[in-house]
Amino acid sequence: TDAEPWWRSAVVYQIYPRSFFDADGDGTGDLRGITSHLDHVVSLGADAIWISPWYPSPMVDGGYDVADYCDIHPDFGTLDDADTLISTAHAKGLRVLIDLVPNHCSSQHPWFREAVSGGPGHPMRDRFVFRDGTGAHGELPPNNWPSVFGGAAWQRVVEPDGRPGQWYLHFFDPGQPDWNWDNEEVRAEFDRILRFWFDRGVDGFRVDVADALVKDMSLPDVPIDPRTGRGTLDKSIDNPMWDQPGLAEVQRRWRAIAREYADTPGGERVFVAEAYLPHDRLVQFLAPDRFQMSFDFEFLQSAWDADSLRWVIDGCLAAHARTGSSNDEQAAGLGSMDDVARPRGGDHVDASTATWVIGNHDVIRPATRYGKPVTGIDFRHPEDFDDIATKAMPSDVDLGRRRARAALLLEMALPGGAYVYQGEELGLDEVQVPTDRIEDPTWQRSGHVDRGRDGCRVPIPWGDRQAPYGWSTTSGTWLPMPDHWAELTVAAQDQDANSTLSLYRAVLAERRENPALGAGRMVWEDETSWPALAGVAGHVIAFRREPTLPEPASGSQRGADSRGGAGLRCVVNFGTAPVPLDTDTIII
Ligand code: ISL
């Protein structure tokens, strides 16, 4: 059978360039800072990096408002710096993914500026979504679509004659006008952007809001959410804003471009979708001619509870197993976990697997999130951003950090790929950024959103006993760094065998070395298969990973030597009391 493609069980380390390392001492992270600290990523044992947007941008939304898709933000460096970063990463054995933001650009993008200044009817307006307003004088938006960041998804422009005129669509901030994906010039431009970066050696893209782009262009109203009285962002219904039929065609077009690179160094390029969608919809992105990976946010959104998490994991794996199979009969026959998560050799070897994630630059740091009595944020209803339970509720961070370590072990023992957001390997907690320093538009546009998303974007503490902890030569960092991070720096944890950093290194090393992890088979344990679990149902998640396909070894206890091809057992306690297990097969 073919070799396993690199991305199927890869660990990808997410870099937020503004906050990773500040090499030039201006208080903002930069590409030279990333290049000079790649050894940290190598020492973790990750396979690849994904760099959040590095493009020229007014930074209204942390760079997710792109003014030029084929250049580098001057605060971050130059295209030469990007080339050096890519070649240095490759020389160190790291793949490089960057962020593609295809749903919207910046209102400072030259095409959008021309669309506004050209006035109604100008052909440039068709590359975006301009419409006349409703109401007697066009003073009301074209429909009731809400913005994810609050308010209406429409903004009215001032026309060249100085009067208020048409409205344009923006799913996020008004500084982020949506592209019109029915426009062939837009499609062609993104083809060019993909090739521009692939030709520079980029191995793939994380695709921002991958379930947006194509909308129902008849622009029908969405149903009203009774809780907010506004149009709903709910994706569990057929919502005209999200995941519309034409999306598959765009994804196929991009995958065809990625395939053009199959015979170049680095091989076929990859895409990972960022889409908060129900599983049955999400996995459709993973058909063989579409994307290779898609984040599983259900894990990230789940409560700290063994039963519900097992249910989520089951659902993720079963959905992926079904999608990965081109044999309908076989797919229909998949009933239990014993049937899923097998390596599918031969022509199925490039089938997708789950892509786990416990944190990113949009959500509360796991160490803080898991320390709350209630965990998880329900992004399926972005109105819940303002659910005070998620942010204002106090957190026991010591408990949260221990749980985050357990979550890591669980995540890394599951079949599939995994993403690690910078700082998770240090157990960093969410920072309470003073309100006068907050930059995130979700906070500025809707004051009831408790402090926005800056608290997980604070610069990384590398060394030294006080801020900025070796991150920069200036203390004027773009976000303030907390006093209590002295014990959490890379330097403080580097030689400490019990540190979270050491745990990450050990677990990622195990993943690389143990054939049962990655492509191996997964079998749930319960008290029938493993009597030691009697009485702990609901508190403990346990499963075995096995390196080979044959019959499940029913009843047999695998040995302690996980390298003997015998597999390993993963056990995680979600309860508050210790669970005694007399075995030496446990690594968790
Ligand atoms: O789609 C959503 C809700 O229906 C959102 O959760 C959305 O998927 C999410 O906000 C997307 O985040 C990404 O795109 C944003 C940017 O602010 C985030 O930082 C980025 O991760 C807009 O580009």
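The rules we used
- Residues numbered from 1 in each chain as written.
- Predicted model: local features only at pLDDT ≥ 70, side-chain atom pairs only at ≥ 80, totals over all residues.
- Heavy atoms only, no water.
- Near = heavy atom within 4 Å.
- Polar contact = N/O pair within 3.5 Å; in protein donor to acceptor, adjacent residues only side chain to side chain.
- Areas by Shrake-Rupley, 256 points an atom, 1.4 Å probe, with all protein chains shown as cover.
- Core = buried A, V, L, I, M, F, W, Y, C linked by side-chain atoms within 4.5 Å.
- Buried < 20%, exposed > 50% of the residue type's maximum accessible area, 1.4 Å probe, protein only.
- Contact = heavy atoms within 4.5 Å.
- Helix = DSSP H or I, 4+ residues; strand = E, 2+ residues; numbered from the N terminus.
- Pairing = 2+ DSSP bridges.
- Axes fitted to C-alpha atoms, helices over the stretch in contact; angles between N-to-C directions.
- pLDDT = per-residue confidence, 0-100.
- Right-handed = clockwise from strand over helix to strand, strands pointing away.
- Phe/Tyr/Trp six-rings, centres within 6.5 Å; stacked < 30°, edge-to-face > 60°.
- Lys NZ or Arg CZ within 6 Å of the ring centre and 35° of its normal.
- Expected span 1.5 Å × (residues − 1).
- Parallel < 35°, antiparallel > 145°, perpendicular 65-115°, else oblique.
- Left-handed = near helix turned anticlockwise from the far one by under 90°.
- Nonpolar A, V, L, I, M, F, W, Y, C, P; charged D, E, K, R; others polar.

Asker: Account for the site of the ligand, naming residues and giving values.
Answerer: Lining the immediate environment of the ligand, one finds 19 residues, of which Asp61, His104, Asp208, Lys235 and Asp362 sit closest. Contact distances for the ligand include 2.9 Å between an oxygen atom and a side-chain N or O atom of His361. A distance of 3.0 Å is found between an oxygen atom of the ligand and a side-chain nitrogen or oxygen belonging to Arg453. Bound to the protein, the ligand loses 99% of the 510 Å² it would expose on its own.

Asker: Can you explain the nonpolar core? Please cite residues and give values.
Answerer: Formed by 117 residues in total, the largest nonpolar core has its most connected members in Trp54, Phe205 and Trp254. Leaving out residues up to four positions away in the same chain, Trp54 has contacts with Leu31, Asp71, Ile72, His73, Phe76, Ala82, Leu85, Ile86, Ile98 and Trp197. Formed by 27 residues, the second largest nonpolar core is a distinct cluster that contains Ala413, Leu517, Ile541 and Leu568.

Asker: Lay out the environment of Gln493 with the relevant residues and their values.
Answerer: Positionally, Gln493 belongs in helix H15 (residues 490-494). Judged by its relative accessible area of 4%, Gln493 is buried. Put simply, Gln493 and Gly463 are 30 residues apart on the chain and 9.6 Å apart in space, counted from C-alpha to C-alpha. If near-sequence neighbours (up to four positions away) are discounted, Gln493 is found in contact with Glu425, Leu426, Glu487, Leu488, Ser499, Thr500, Leu501 and Ser502. Within the local environment of Gln493, its side chain forms a polar contact with the backbone nitrogen of Leu501, the two atoms lying 3.0 Å apart.

Asker: Report on the environment of Trp111, specifying residues and quantitative values.
Answerer: The topology assignment puts Trp111 in helix H4 (residues 110-118). Note: C-alpha distance between Trp111 and Arg127 (16 residues apart in sequence) is 8.1 Å. When residues no more than four places from it in sequence are discounted, the contact partners of Trp111 are Met124, Arg127, Phe128, Trp179, Glu185 and Glu189.

Asker: Which residues make up the sheet that holds strand E3 (residues 95-100), and what values go with them?
Answerer: The eight strands are arranged E1-E2-E3-E7-E10-E11-E12-E13 in a closed barrel whose pairing can be described as parallel. If you compare each strand with its neighbour and ignore which way they point, the axes differ by 25° on average. By the bridge criterion, four bridges tie strand E1 (residues 11-15) to strand E2 (residues 48-51) in an arrangement that is parallel. In the sheet register, Tyr13 faces E2, and the bridge partner there is Ile49.

Asker: Account for the confidence of the model for the protein chain, naming residues and giving values.
Answerer: Averaged over every residue, the pLDDT of the protein chain is 87; residues scoring 70 or more account for 86%. Within the model, the stretch residues 376-383 combines pLDDT values under 50 with 30 contacts to residues more than four positions away or in other chains. Below pLDDT 50 for its whole length, residues 550-564 participates in 21 contacts with residues either more than four positions away or in separate chains.

Asker: If you had to explain the pairing of E3 to someone new, which residues and values would you point to?
Answerer: Along E3, five of the six residues are buried, which leaves the element largely enclosed by surrounding structure. Examined bridge by bridge, E2 and E3 share four bridges and lie parallel to one another. Within E3, the residue paired with Ile49 across the bridge is Val96. Remark: the E2/helix H3 (residues 79-91)/E3 crossover connection has right-handed handedness. For E3 and strand E7 (residues 204-207), the ladder comprises four bridges, and the chain directions are parallel. Note that in E7 the partner of Leu97 across the bridge is Gly204.

Asker: Please set out the sheet that holds strand E6 (residues 164-169) residue by residue, giving values where relevant.
Answerer: Within the open sheet, the three strands sit side by side as E4-E6-E5. Their pairing is antiparallel. In the strand order of this sheet, the two ends are held by strand E4 (130-131) and strand E5 (154-158), each with one partner. Bridging between E5 and E6 involves four bridges; their strand directions are antiparallel. Bridge assignment links Gln155 to a residue of E6, and that residue is Tyr168.

Asker: Lay out the packing of aromatic side chains with the relevant residues and their values.
Answerer: Evaluation of the coordinates by the stated rule reveals 37 aromatic pairs. When the ring centre of Trp111 is taken as reference, the NZ or CZ atom of Arg127 above it lies at 4.0 Å. Note that Lys215 overlies the ring of Phe171, its terminal NZ or CZ placed 4.5 Å from the centroid.

Asker: So what about helix H5 (residues 184-199)? Which residues, and what values?
Answerer: Look at H5: 22 Å from first C-alpha to last across 16 residues, which is about the 22 Å you get at 1.5 Å a residue. Of the residues making up H5, those classed as buried are Val186, Arg187, Glu189, Phe190, Asp191, Ile193, Leu194, Trp197 and Phe198. Tucked into the core, H5 has its buried residues touching H3, E3, H4, E7, helix H6 (247-259) and strand E10 (270-273). Among the residues of H5, the N-terminal cap falls to Asn183, whose side-chain oxygen and the backbone nitrogen of Glu185 are separated by 2.7 Å. Two residues or fewer past H5, Gly201 is found with a positive phi of approximately 105°.

Asker: Pulling in residues and values, what's your account of the packing of H5 against H6?
Answerer: The contact between H5 and H6 brings their axes to 10 Å, and the two run at 30°. It follows that H5 is roughly parallel to H6 by the angle criterion. Between H5 and H6 the crossing geometry is right-handed. Two secondary-structure elements touch here, H5 through Glu184, Arg187, Ala188, Phe190, Asp191, Leu194, Arg195 and Phe198 and H6 through Glu249, Val250, Arg253, Trp254, Ile257 and Ala258. Classifying every residue of the contact of H5 with H6 gives eight nonpolar, no polar and six charged.

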